[in-house]
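Secondary and tertiary structure notes
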Amino acid sequence: MKLPNNVTVLDHPLINHKIAMLRSAETKTKDFRELVEEITVLLTYEAFRDIPTHTVKVKTPLESCDQQMVPDNAVAVIPVLRAGLGMVSGVHVLFPTAKVGHIGMYRDEETLEPKEYYCKLPDGVENMRAIVLDPMLATGGSACAAIDMLKKRGCKDIRQMSIIAAPEGVEMLAKSHPDVKVYIAVMDRGLNENGYIVPGLGDAGDRLFGTK
């Protein structure tokens, strides 16, 4: 598919290497969790490329100089429960002062539509860059619902970060929220009859937390 203008796929050898291990059914929970964190670090680097900064005065061992820094209250990461929790530590590796909110949704197994059950966001989130974290962008329903919730609460600068996406979900998200930049590690073939990404990696939440 031709990528929408607001979607970036990170085609990088290190990401592809880690995705190969992430997909494997032989990869255990501990390794899976670490791989999700490592891939998220690489996604974060790209998603922060245009993050707002301000000028500060820094005194080096030799002299003072002006330097650009990201304000501590500039970013909020919003994992979609529960699988999105696995990506939070990856963002904090590069920017440990990012605030964290949580959005809870589950997918109705019959309609495949997302259902909200929880939302807790940092104070002042409407003035921050809000980055939605969800390892799998499948139908796009959960991502669109999460972004709808953020916009209703006044958020204007929103990003979406996912590890694996299906064309169906990318298309839906791009059409529903063309103002939201989307960063994904790899685009897969599509969805199966149960709405799971194929070839995918199975259920990200189950593999992150050792549940079935």
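Conventions adopted
Residues numbered from 1 in each chain as written. Predicted model: local features only at pLDDT ≥ 70, side-chain atom pairs only at ≥ 80, totals over all residues. Heavy atoms only, no water. Patch = residues over 30% accessible without salt bridge, like charges linked within 9 Å, V, L, I, M, F, W, Y side chains within 5 Å. Areas by Shrake-Rupley, 256 points an atom, 1.4 Å probe, with all protein chains shown as cover. Salt bridge = Lys/Arg side-chain N within 4 Å of Asp/Glu carboxyl O. Helix = DSSP H or I, 4+ residues; strand = E, 2+ residues; numbered from the N terminus. Buried < 20%, exposed > 50% of the residue type's maximum accessible area, 1.4 Å probe, protein only. Disulfide = S-S within 2.5 Å. Core = buried A, V, L, I, M, F, W, Y, C linked by side-chain atoms within 4.5 Å. Contact = heavy atoms within 4.5 Å. Polar contact = N/O pair within 3.5 Å; in protein donor to acceptor, adjacent residues only side chain to side chain. Pairing = 2+ DSSP bridges. Axes fitted to C-alpha atoms, helices over the stretch in contact; angles between N-to-C directions. Parallel < 35°, antiparallel > 145°, perpendicular 65-115°, else oblique. Left-handed = near helix turned anticlockwise from the far one by under 90°.

A cluster of nonpolar side chains, contributed by Tyr45, Val93 and Leu94, occupies part of the molecular surface with about 320 Å² of accessible area. Tracing the sequence through the fold places valine 93 in helix H3 (residues 85-94). We classify valine 93 as partly exposed; its relative accessible area is 46%.

Moving on, we get to the state of the cysteines. For the structure on display, the rule yields zero disulfides. Here cysteine 119 is not cross-linked by a disulfide; its sulfur's nearest cysteine counterpart is in cysteine 155, at 8.9 Å. Judged by its relative accessible area of 23%, cysteine 119 falls in the partly exposed class. Looking at cysteine 144, it has no disulfide partner, and the nearest cysteine sulfur is the one in cysteine 155, 16 Å off. Residue classification places cysteine 144 among the buried positions, given a relative accessible area of 5%.

The next point concerns unusual backbone geometry. Each neighbour pair has its own omega, and for leucine 81 with arginine 82 the value is 5 degrees, a cis peptide bond. In this fold, arginine 82 is placed in the loop between strand E4 (75-81) and H3. Each neighbour pair has its own omega, and for valine 198 with proline 199 the value is 0 degrees, a cis peptide bond. Structurally, proline 199 is set in the loop between strand E13 (197-198) and helix H6 (204-209).

With that settled, consider the nonpolar core. Core analysis: the largest hydrophobic core is formed by 36 residues, its most contacted members being Ile19, Leu22, Leu43, Val75, Met161 and Ile163. Within the residue set of this core, elements represented by two or more residues are helix H1 (13-23), helix H2 (29-47), E4, H3, strand E8 (129-133), strand E10 (157-165), strand E11 (181-187) and H6. Top element by residues in this core is H2. It accounts for six residues. Leave out the neighbours within four places in its chain, and leucine 43 touches Leu10, Met87, Met161, Ser162, Ile163, Tyr183, Ile184 and Ala185.

Our next topic: the environment of glutamine 160. Tracing the chain through its elements places glutamine 160 in strand E10. The buried category is assigned to glutamine 160, whose relative accessible area is 1%. Sequence separation between glutamine 160 and leucine 173 is 13 residues, and the spatial gap between their C-alpha atoms is 9.5 Å. In contact with glutamine 160, not counting residues within four places along its chain, are Val132, Asp134, Ala143, Ile147, Leu173, Val180, Lys181, Val182 and Tyr183. A distance of 3.0 Å separates a polar atom in the side chain of glutamine 160 from a polar atom in the side chain of serine 162.

A few words now on the pairing of strand E3 (residues 64-69). In the sheet, strand E2 (residues 54-59) pairs with E3 via six bridges, with the strands oriented antiparallel. Directly across from histidine 54, in E3, lies its bridge partner methionine 69. Linkage of E2 to E3, two consecutive antiparallel strands, is achieved through a turn of four residues.

Further remarks concern the side chain of serine 162. Checked against the element boundaries, serine 162 lands in strand E10. There is a polar contact of 2.7 Å between the side chain of serine 162 and the backbone oxygen of aspartate 134. Setting aside residues up to four positions removed in sequence, serine 162 forms contacts with Leu43, Met87, Asp134, Pro135, Met136, Leu137, Tyr183, Ile184 and Ala185.

Viewed as axis vectors pointing N to C, H1 and H2 meet at an angle of 155 degrees, and their least axial separation amounts to 10 Å. It follows from the interaxial angle that H1 and H2 lie roughly antiparallel. Here the hand of the crossing between H1 and H2 comes out left-handed. Here H1 contributes Leu14, Ile15, Lys18, Ile19, Met21 and Leu22 to the contact with H2, which in turn contributes Phe32, Leu35, Val36, Glu38, Ile39 and Leu42.

Right, let's talk about the packing of helix H4 (residues 141-152) against helix H5 (residues 167-176) for a bit. Relative placement of two packed helices is described by the angle separating their axes and the distance separating the axes. With their axes 8 Å apart at the nearest point, H4 and H5 run at an angle of 25 degrees to one another. One way to sum up the angle between H4 and H5 is to call them roughly parallel. In the packing of H4 onto H5, the handedness of the crossing is right-handed. Residues Gly141, Ala143, Cys144 and Ile147 of H4 touch H5, and the partners they reach there are Met172, Leu173 and Ser176.

Keep in mind these numbers describe shape, not what the thing actually does.
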